[in-house]
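# Survey of secondary and tertiary structure
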Amino acid sequence: STANVARDMDLLRQAVGDEQLTYLGYSYGSILGATYGMLFPDRVRALAIDGTLEPSRWSGGDASVGVRIGQGPAAGEVFDAFLDACAAAGPSTCSLAATGDPHQAVDTLLARLQQQPVELPLPDGTTTTVDYGLAVAVAFQSLYSPAGFGPLADSLTQLLALTEPQQTMTTQQRGVQLSDIGDWLRELGLLEDYSGAGAALASMCVDGQHPLQPWDYPAQADAADAETPHFGRLRAWVGIQCEFVDFVDDDAYLGPWDQTTQAPVLVIGTRLDPATPYDQTQPYADRFPNATVLTVE
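Moving on, we come to empty space enclosed by the protein. Tallied over the entire structure, the rule returns two cavities of 30 Å³ or more. There is about 30 Å³ of room inside the second largest cavity. Contributing to the lining of the second largest cavity are Phe79, Val106, Leu110, Ala135, Val136, Ala139, Leu156 and Phe231. For the lining of the second largest cavity, the secondary structure elements donating two or more residues are helix 6 (102-115) and helix 7 (132-142). For the lining of the second largest cavity, the element with the most residues is helix 7, which contributes three residues.

Pasting the structure below:
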C-alpha cells in the first residue's frame, strides 16, 4: 500500500540524516505526499506536488477508480484542444489538417477502426494490428505532453490513410513514413509489456474501495462513453484488475484526508492535463492548512 511506501520514505529520510522531509511528488506522488502528511505530520519540512489526484477519490467512492479520478472527461477535453490546435496550425504544421477538418477526420478514423482493424508496417519488416482500442490508447498516452501532439497527428494521419479503401495518401501525408507510428507505439510502451505493472496495480488495489463486480464494468463503460466518447470507455476499465486481486493490507491508509501539518505546501496544477485533471488541484490544496496553488497554463 501507499502507507508502506510512505513508511519506507520516512526511513530514507532518517537514513540521510534529515530531521524533516522535503518532498517533490508527481502524479501518483500526490497520493504518496498526502499519505506521508497524514502519517507523519510533524516530520514534513515542505511538500511540492505537481499533478494531483484528489486522495478521497483515490481511496473511496461508488465507481471504479478509473471513473473516480476523472481521466476520461479530462482526456476528452485535451483531445478536443489538440484537434482545435491542429486545425488552427494548418497542413503545413499539422499533418492531420491536410485531411480536412481534424475533428471529422478522427471521427471517420475511429468509426472505421471499430469496424475493421488495420495492419501497420513496422521498421523491422513485421506488422502489428491496430484496432480501435489501441488507437484510443495511443491517443490517450500522447496527450500527456504537448511534445506528443505532432507525432500523434502524424500517427492518426497514417492510420486514416490505411483505412482508406485504396489506401491512398496525399502528398502531405506521404511526408510521414508509415513506420514512424511503429516507433511511436514502442516509445509509448504499447507494443511491449510494462515490466512494472504489478507494482503499479498493488497500491491502487489495496489503497481504495472497489465496490463493483467484474460484470458491472461494461455498463459503467457504456455510461462513461456516453459522457466522453472513446476516452470515457478507455479509462472506465481502470480498476477491474482489483476485482480479481484477493488480498488486503491491514496497514493501508484510506483516510480521512484533512491534513494537520503546518508545513508549506506548493500544489502545481496544469490546465489540459488528461492524467491528473486540473479540477482536482484546488481541492487537494484545500486539504492543507498552509498550501499555495500554482497554475501552469
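Right, let's talk about the environment of glutamate 227 for a bit. Among the secondary structure elements, glutamate 227 is positioned in helix 12 (residues 217-227). Exposure remark for glutamate 227: the relative accessible area of 59% places this residue in the exposed category. Each C-alpha atom, one on glutamate 227 and one on glycine 76, is 9.6 Å from the other, the two residues being 151 residues apart in sequence.

In the predicted model, the protein carries a mean pLDDT of 89, and the fraction of residues at 70 or more is 89%. For the stretch residues 168-179, pLDDT sits under 50, and the model shows 21 contacts to residues farther than four places along the chain or on other chains.

Time to look at unusual backbone geometry. For the peptide bond that leads from glycine 255 to proline 256, omega is 5°, which places it in the cis range. Tracing the backbone shows proline 256 in the loop between helix 13 (231-236) and strand 5 (265-270). Backbone geometry at serine 27 places phi at a positive 55°, although glycine is not the residue there. With respect to the element layout, serine 27 can be found in the loop between strand 1 (21-26) and helix 2 (28-39). With a phi close to 55°, leucine 272 is a non-glycine residue in the positive phi region. For leucine 272, the position within the fold is in the loop between strand 5 and helix 14 (281-285).

Moving on, we get to the state of the cysteines. A full pass over the atoms with the stated rule returns two disulfides. Sulfur-sulfur distance for the disulfide between cysteine 86 and cysteine 94 comes to 2.0 Å. The sign of the -95° torsion about the S-S bond sets the cysteine 86-cysteine 94 disulfide as left-handed. The disulfide that involves cysteine 205 links it to cysteine 242, with 2.1 Å between the sulfurs. Looking down the S-S bond of the cysteine 205 and cysteine 242 bridge, the torsion is -80°, so its handedness is left-handed. Taken together, the positions of cysteine 205 in helix 11 (residues 197-207) and cysteine 242 in the loop between helix 13 and strand 5 put the pair 37 residues apart, joining distant regions of the chain.

Thresholds applied
- Residues numbered from 1 in each chain as written.
- Predicted model: local features only at pLDDT ≥ 70, side-chain atom pairs only at ≥ 80, totals over all residues.
- Heavy atoms only, no water.
- 1 Å grid on protein atoms, 1.4 Å probe; cavity = no way out; pocket = protein on both sides within 12 Å on 5 of 7 lines; lining within 4 Å.
- Points joined across faces, edges and corners; volume = space filled by probe spheres on them.
- Helix = DSSP H or I, 4+ residues; strand = E, 2+ residues; numbered from the N terminus.
- Buried < 20%, exposed > 50% of the residue type's maximum accessible area, 1.4 Å probe, protein only.
- pLDDT = per-residue confidence, 0-100.
- Contact = heavy atoms within 4.5 Å.
- Disulfide = S-S within 2.5 Å.

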